[in-house]
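One-letter residues, chain by chain:
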Amino acid sequence: MSENKGVNIKTDDKAAADTAPTPQNTPIFTAPMAAAAAAVEAGDIEASLAGNPALLSMLQGRLGSLIGASSGYVESLPKAVRERVDVLKYLQQQHLEIDKKLHMEIYELEKKYSQLYAPLYARRTALVQGDAEPTDEERAEGAKIAEEEKDDDEEQASGIEEEEDEDDEDVAGIPEFWLTALKNNPDFAELITERDEEALKFLRDIRLAYLDESPGFKLEFVFSENPFFTNAVLTKTYVYDQDDVAGALEFSHAQGSEVDWKPEQDLSVTVETKKQRHKTTNRTRVVKKTVPAQTFFSFFTTVEEPESEDESELAEETRDRISLDYELANDLKEKIVPNAIDWFTGKALEYEGLDEDEDFEDEFMDNYYEDDDDEEDSDDDEDEDSGDELSKSAKDAAEPPQCKNQ
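Residues numbered from 1 in each chain as written. Predicted model: local features only at pLDDT ≥ 70, side-chain atom pairs only at ≥ 80, totals over all residues. Heavy atoms only, no water.

S.K.: I tried to follow the packing of aromatic side chains on my own but got confused; where do I start?
M.R.: Counted by the stated rule, this structure contains 24 aromatic pairs. Aromatic pair F296 and F299: ring centres 6.3 Å apart, planes at 15°, arrangement stacked. F296 sits in the buried class, given a relative accessible area of 0%. You can call F299 buried: its relative accessible area is 0%. Where F299 meets F300, the ring centres are 5.4 Å apart and the plane angle is 80°; that geometry is what we call edge-to-face. F300 matches F299 in its accessibility class, with the two residues each being buried. The rings of F188, F221, F223, F229, W261, F296, F297, F299 and F300 are connected pair by pair, giving a single aromatic cluster. (Phe/Tyr/Trp six-rings, centres within 6.5 Å; stacked < 30°, edge-to-face > 60°. Buried < 20%, exposed > 50% of the residue type's maximum accessible area, 1.4 Å probe, protein only.)

In structure tokens form, the structure reads like this:
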């Protein structure tokens with residue numbers, strides 16, 4: 001009994017010696033899976049993934065490879081059943097072809113009815129611009145609608161009725177019609193700055209046209225002669241692709257027209273004035289630098305889609321901007337152009353479920369603007385001091401001597 005016990009002790013000592021940590025059997029770095037297993041045992045899975053970027057990347061790669069992968073169930077079915085499954089796939093292909101025709105016919109139907117709307121839009125433009133006056137019949141029908149609205153909200157209607165302008169005969173058309181309609185839309189209200197308003201007062205019309213060469217549409221902003229740019233028409237074109245799964249028409253890309261700004265009237269930039277001081281002569285000079293500015297006219301900028309494999313923060317911001325740009329275009333196409341008078345009066349805010357006094361600020365709109373942090377290249381012989389030091393230097397230079405001593 002005692003002899004066997006001694007043998008067991010020696011065996012245990014040898015096993016312990018074999019598994020003891022040594023420079024030969026201890027890795028320098030802890031393996032990701034081993035560290036993760038320890039963290040899982042401790043119940044802290046999130047911490048293990050956060051602390052192991054290599055493990056997280058590996059898991060994402062393996063999980064991504066499983067998307068769309070067969071579970072093996074269909075392959076395990078009898079041959080006759082698998083043949084029936086293949087036939088159903090063929091039927092689904094036929095279904096997709098019908099879906100594609102359906103969506104294209106809907107698109108062609110929209111094009112057809114856009115031609116029926118065209119005379120109404122042309123008449124609207126003539127009245128808004130003062131190129132024509134309402135007929136007696138139009139006045140009578142408009143009065144009926146006004147009376148119905150007065151019955152719905154008599155107090156509001158009576159207040160408006162009491163307001164009289166002695167010079168109303170001298171006013172042509174409906175001033176600032178499109179500017180007001182756009183500003184009553186929450187998203188466009190975020191885009192339009194005070195500087196933009198002066199330019200948008202010259203906006204005569206917004207037109208919608210469907211494309212012939214490929215599915216899509218074009219928005220045309222028609223301007224009268226103005227002091228800001230030479231373009232008579234600014235356009236933004238949106239092209240569709242047909243989905244291979246459901247046959248639906250989906251937004252593919254957009255192309256905007258370039259704004260031909262007149263000298264010193266570019267609303268897309270602001271001019272910053274800075275002072276630079278020579279290192280050796282201590283002389284100063286004034287340098288003007290243009291920096292990007294927020295403006296409604298960024299809507300006409302063509303934004304290129306990033307590569308699909310680009311997952312950088314800048315790429316994501318660009319995709320967000322493109323998505324928002326299409327939402328704005330779709331609002332123009334589906335809401336503002338067809339129902340411009342409701343956006344002008346604010347009635348659209350009621351059936352859109354919006355409050356007329358609501359603050360339209362939306363953080364998502366920040367993605368619409370691009371920040372340009374590129375710094376100006378410095379001259380070989382001059383150095384730009386910090387803003388605070390230059391401001392103090394300029395202030396001291398401008399003050400009389402007695403002020404410095406106070």
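S.K.: Please clarify how the sheet that holds strand β1 (residues 203-210) should be interpreted in this entry.
M.R.: Adjacent strands of a sheet form backbone hydrogen bonds with each other and so pair up, either parallel or antiparallel. Strand order in this open sheet of four strands is β1-β2-β3-β4, and the pairing throughout is antiparallel. Each end of this open sheet is capped by a strand with a single partner; those strands are β1 and β4 (249-256). Strand-to-strand, the axes of this sheet are offset by a mean angle of 15°, without reference to chain direction. As paired strands, strand β2 (residues 216-223) and strand β3 (residues 233-242) are joined by seven bridges and run antiparallel to one another. The residue bridging V222 from the neighbouring strand is V233, located in β3. (Pairing = 2+ DSSP bridges. Helix = DSSP H or I, 4+ residues; strand = E, 2+ residues; numbered from the N terminus. Axes fitted to C-alpha atoms, helices over the stretch in contact; angles between N-to-C directions.)

S.K.: Hey, could you run me through helix α6 (residues 79-129) in this one?
M.R.: The first and last C-alpha atoms of α6 sit 73 Å apart over 51 residues, in line with the 75 Å expected at 1.5 Å per residue. By the largest-angle criterion, Y117 marks the main kink of α6, which is about 40°, and a proline, P119, follows within four residues. Within the sequence span of α6, burial applies to L96, D99, K100, Y107, K111, S114, R124, T125, A126 and V128. Contacts from the buried residues of α6 go to α9 (177-183), β1, β2, β3, β4 and α13 (340-345). (Expected span 1.5 Å × (residues − 1). Bend = angle between axes of the 7 residues up to and from the residue. Contact = heavy atoms within 4.5 Å.)

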